[in-house]
Every structure is written in C-alpha cells, then in structure tokens.
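# A look at the structure
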Amino acid sequence: MQTLRTTSLEVRDNQLWILDQQALPQQQNWLPAHTVTQLVDHIHALRVRGAPLIGLSASLLLALLGEQGVTRAALAEALEVLRASRPTAVNLMNNLDRMKIALAESDHVNALSAEALRLVAEDKQLCDNIARAGSALVKPGSQLLTHCNTGGLATAGVGTALGVIAHAHQQGLVKSVWVDETRPLLQGGRLTAWELGELHIPYQLITDSMAASLMARGVVDAIWVGADRIAANGDVANKIGTYSLAVLAHYHGIPFYVAAPHTTLDRQCPNGDAIPIEQRAASEVTGVSGSFGSVQWAPDNAVVFNPAFDVTPAALISGWVLDTGVVTPEQVQEGIFQP
Ligand SMILES: CSC[C@@H](O)[C@@H](O)C(=O)COP(=O)(O)O
C-alpha cells in the first residue's frame, strides 16, 4: 500500500503505525499496529480513539493484512474481532461493512486496499464539508465550548466539531474556546488543548463541572460536540458529560450543535435507548494514568460506575451538522434520519 499519513495514523513500509493518544501531549510516540491483537489493544486502551479513527484504523489494518497474504477466511475472522473492539461508535461497524463487501470480491486483496484508502480519503473530505457547513452557524466574536476531542487526532482530516471551530477561527469568527477537560480520560485536557495550541486558537481549559457557571455568566455562545452514534430519531451518543452540557445549554438558551459525518448515522437504531454504551474499567475513575505514571486517590475497594458515553435526546439538539449540510430539529422530527 502507498505511504499514508494523517495526524494520528501512518502507513509506512506496508505496516500500520498509530500515534499514542494516551501519551500525548507530553510524548509523541508512534507505535506499531501491525496485528489485530496490537490494534485491538490500542483501541481498548484509547491509544487509538475517536469514532472515525477507530473505523479507519481497523480498515487499513485489514487491507494491509490482505496484502501480506493472510487468507480470506482469516481476514473474515479478523474483521469480526475488530468489529467487536468497541461497541458504541458505529463508524467502526459502518466502515467494516464496506470492507466486508470488498472482502467478498474475487480480487479481494486489491479491493480491500482500494476500499480502505477510499474510506480515509472520504473521511478527510467529510471533515472539510462539516467544517464549512458548521462555520456558517458560528456568530462573529463567539466564545465556544467543546467536550472531549473531535479534531485531527480523531479523524483523517481536520476533525468534526473541532474542525468547525478551526474553520470558523480561520474566518475570524471565534474569540476563544472553553475546553472541557473531559473526565475520566481527559481527552479535552490532553488532546483538544494540544490541538488548539498547535492551531494557535485561543482557549481556556476548564474542569467539566465549571461549564454551568460559565453559561450562567453569559460567556458561552454555543456548544459544539461530536458523536459516536446518531440514532434514527436524532438521539446522539457521545462522550460521557455531553448530555449534562445539553441540559445546561437548554436551560441557559444556548445553541447546542452536534457535528459528525454520515458514517456516524445508524438509521437501523431507533433511538438512544438502543445504543450500546461501553462500560470501562474502575481504574479510570479511581485515579488517572498517563505518560507520567499512575495515581490512585480512591480507596482500593471503591465501587465504581464508569460508562464511557451518554445519550443526548434529540429534543436538546439545535442542529446536526453533517457532511451533507445542517439538519434542523424540524427535519429530524419529520424523519430525515429514518431508514
Ligand atoms: C470525531 S470524534 C467523535 C467522538 O468519537 C468523540 O466525541 C468521542 O466521544 C470520543 O470518545 P473516545 O472514548 O475518546 O473514543
């Protein structure tokens, strides 16, 4: 396969490499993702993360394994192992459905490579389209708030919600960005803060619990988040804490926008209740770990509940900004996402 490089994925010497998103921003470590076991391990540990990126990494690895002569039966098995690596982000399943069709072709090796490269190129384009569509909603001088990480690290392009913010900033529309640190794994504090710094976009990092008081003070003009799955009724699963922001935005009369590519849509999923929510290890809540080591503050026997995502009901969303344009609440009510 040709050499390829995105912010956090690289194909070099016919092997896949990933930028370790758990070590960022203190360390920029490129790690091998040469086998299914390695990639699944990276995905579980969130070294590879973000809805679009998970799907793209899995597709590229399958294509590379095909080129290395792995049998069609073993590739089919690998595809299912990768599909099961994380349950909530539907981009993984949607991308792998396309890879499965390629795997069934007579020249499956070339078909897999072509499809994986197409998925990467498409994702880049989808991000650009989202950025353009979304920035038209940003008012001049805006102070925006975002949650988790939805930038170039999480996609093959400029990102989704963060892509909108970056594009709007280029147009001179953004005054500054409030970055939720995003407990428990700190994707905001580690990754979004780093990406905004690289892009020279003014930001202030806050703990998640500070968002309400900022809204009350009138210093948040709009909230922009990404999505891991959009159900047919418009309900959205995204990083835990997103729902709280939507409730707060509704109370304070602040627009709440979700930016995502069409690969995040699940028309077969009727509503948010049907979205599988990943539960994660207690250790993520009892302490924190990273390139600096790990710290535990909770008692050893602390009982923990740690859902990675929550569901924001469609009624709290002001607009779904897709690569195809902005979808309004009225259109969602009329069933635009229905199968
Ligand atoms: C463009 S990324 C969109 C979502 O995947 C993002 O908002 C999110 O919730 C990521 O969660 P993560 O657990 O870090 O993979």
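Residues numbered from 1 in each chain as written. Predicted model: local features only at pLDDT ≥ 70, side-chain atom pairs only at ≥ 80, totals over all residues. Heavy atoms only, no water.

The protein is annotated in an unreviewed UniProt entry as Methylthioribose-1-phosphate isomerase from Pantoea rwandensis. Its UniProt record gives the protein the following Pathway (unreviewed entry) comment, quoted word for word: "Amino-acid biosynthesis; L-methionine biosynthesis via salvage pathway; L-methionine from S-methyl-5-thio-alpha-D-ribose 1-phosphate: step 1/6." Regarding the protein, the relevant UniProt record gives this comment under Sequence similarities (unreviewed entry): "Belongs to the EIF-2B alpha/beta/delta subunits family. MtnA subfamily." (UniProt positions renumbered as here; feature names shortened; annotations may be inferred.)

Close to the ligand lie 18 residues, the nearest being Arg49, Arg86, Asp228, Asn238 and Lys239. Contact distances for the ligand include 2.9 Å between an oxygen atom and a backbone N or O atom of Ala51. Taken together, the elements giving at least two residues each to the shell around the ligand come down to helix H2 (51-67) and strand S10 (236-239). Looking at the shell around the ligand residue by residue, the class counts come to seven nonpolar, seven polar and four charged. Taken together, domain 1 (4-128) and domain 2 (134-333) each give at least three residues to the shell around the ligand, which thus spans both. (Near = heavy atom within 4 Å. Polar contact = N/O pair within 3.5 Å; in protein donor to acceptor, adjacent residues only side chain to side chain. Helix = DSSP H or I, 4+ residues; strand = E, 2+ residues; numbered from the N terminus. Nonpolar A, V, L, I, M, F, W, Y, C, P; charged D, E, K, R; others polar. Domains from an automatic or database assignment.)

Moving on to the domain arrangement of the protein. With domains assigned, the protein is organised as domain 1 (4-128) and domain 2 (134-333). Each of domain 1 and domain 2 was reduced to a C-alpha centroid, and the two centroids are 24 Å apart. Counting residues at the interface gives 36 residues for domain 1, matched by 37 residues for domain 2. Across the domain 1 to domain 2 interface the summed buried area is about 2,900 Å²; carbon plus sulfur atoms make up 56%. The interface formed by domain 1 and domain 2 contains one salt bridge. (Contact = heavy atoms within 4.5 Å. Buried area = accessible area lost by both parts, 1.4 Å probe. Salt bridge = Lys/Arg side-chain N within 4 Å of Asp/Glu carboxyl O.)

Our next topic: helix H1 (residues 36-44). Taken residue by residue, H1 has Val36, Leu39, Val40, His42 and Ile43 as its buried positions. The buried residues of H1 all sit within an arc of 160 degrees when viewed along its axis, so they share a single face. Backbone geometry just downstream of H1 places Leu46 in the positive-phi region, at approximately 60 degrees. (Buried < 20%, exposed > 50% of the residue type's maximum accessible area, 1.4 Å probe, protein only. Arc of directions from axis to C-beta.)

Bringing the UniProt feature "active site" (unreviewed entry) in the protein into the picture now. Mapped onto the present numbering, the UniProt feature "active site" (unreviewed entry) falls on Asp228. Here Asp228 shows up in the loop between strand S8 (222-225) and strand S9 (229-231). Apart from residues lying up to four places away in sequence, Asp228 is in contact with Ala51, Thr88, Ala89, Val90, Asn91, Ala237, Asn238, Lys239, Thr264 and Phe309.

Within strand S3 (residues 15-19), four of the five residues are buried, leaving the element largely enclosed by the surrounding structure. Note: strand S2 (residues 9-12) against S3, four bridges, orientation antiparallel. Considered in S3, the bridge of Val11 is made with Leu16. Once S2 ends, the chain turns through two residues before running back antiparallel as S3, passing Asp13 with a positive phi of about 50 degrees. (Pairing = 2+ DSSP bridges.)

On to the UniProt feature "site: Transition state stabilizer" (unreviewed entry) in the protein, then. UniProt's entry tags Cys148 with the feature "site: Transition state stabilizer" (unreviewed entry), counted in the numbering of this structure. Relative to the elements of secondary structure, Cys148 occurs in the loop between strand S5 (142-146) and helix H6 (161-170). Using a relative accessible area of 8% as the deciding quantity, one classes Cys148 as buried. When residues no more than four places from it in sequence are discounted, the contact partners of Cys148 are Arg49, Asp180, Thr182, Gln187, Gly188, Thr192 and Lys239.

For a regular strand, side chains alternate in direction, first toward one face of the sheet and then toward the other. Burial along strand S11 (residues 256-259) is two-sided: Phe256 and Val258 facing one way and Tyr257 and Ala259 facing the other are all buried. Where S8 meets S11, three bridges bridge the pair, whose relative direction is parallel. In the strand pairing of S11, Trp224 is matched with Tyr257. Taken together, the three bridges between S11 and strand S16 (residues 319-322) define a ladder with parallel strand orientation. The partner of Tyr257 across the bridge, within S16, is Gly319.

Attention now goes to the pattern of salt bridges. Counted by the stated rule, this structure contains 13 salt bridges. As a salt-bridge pair, Glu80 and Arg83 come within 2.9 Å of each other at their nearest N and O atoms. Highlighted residues: Glu80 and Arg83, both in helix H3 (residues 72-83), separated by three residues, approximately one helical turn. Under the relative-accessibility criterion, Glu80 is labelled partly exposed at 33%. The residue Glu80 makes a salt bridge to Lys100 at a minimum N-O spacing of 3.4 Å. Of this pair, Glu80 sits in helix H3 while Lys100 sits in helix H4 (residues 90-103), placing them 20 residues apart in sequence. Here the salt bridges share partners, and the residues they tie into one network are Glu80, Arg83, Asp97 and Lys100.

A sheet is described by the order of its strands in space; here seven strands give the open sequence S7-S6-S5-S8-S11-S16-S17, paired in mixed fashion. Because the sheet does not close on itself, it has two edges, and the strands there are strand S7 (203-206) and strand S17 (325-327). Taking each pair of neighbouring strands and ignoring which way they run, the sheet shows an average axis angle of 25 degrees. In this fold helix H5 (residues 108-135) packs onto S8, S11, S16 and S17, with an angle of close to 140 degrees to the strand it touches most, S16. Seen against the sheet, helix H7 (residues 187-198) touches S5, strand S6 (174-180) and S7 and runs at an angle of roughly 160 degrees to S6. (Axes fitted to C-alpha atoms, helices over the stretch in contact; angles between N-to-C directions.)

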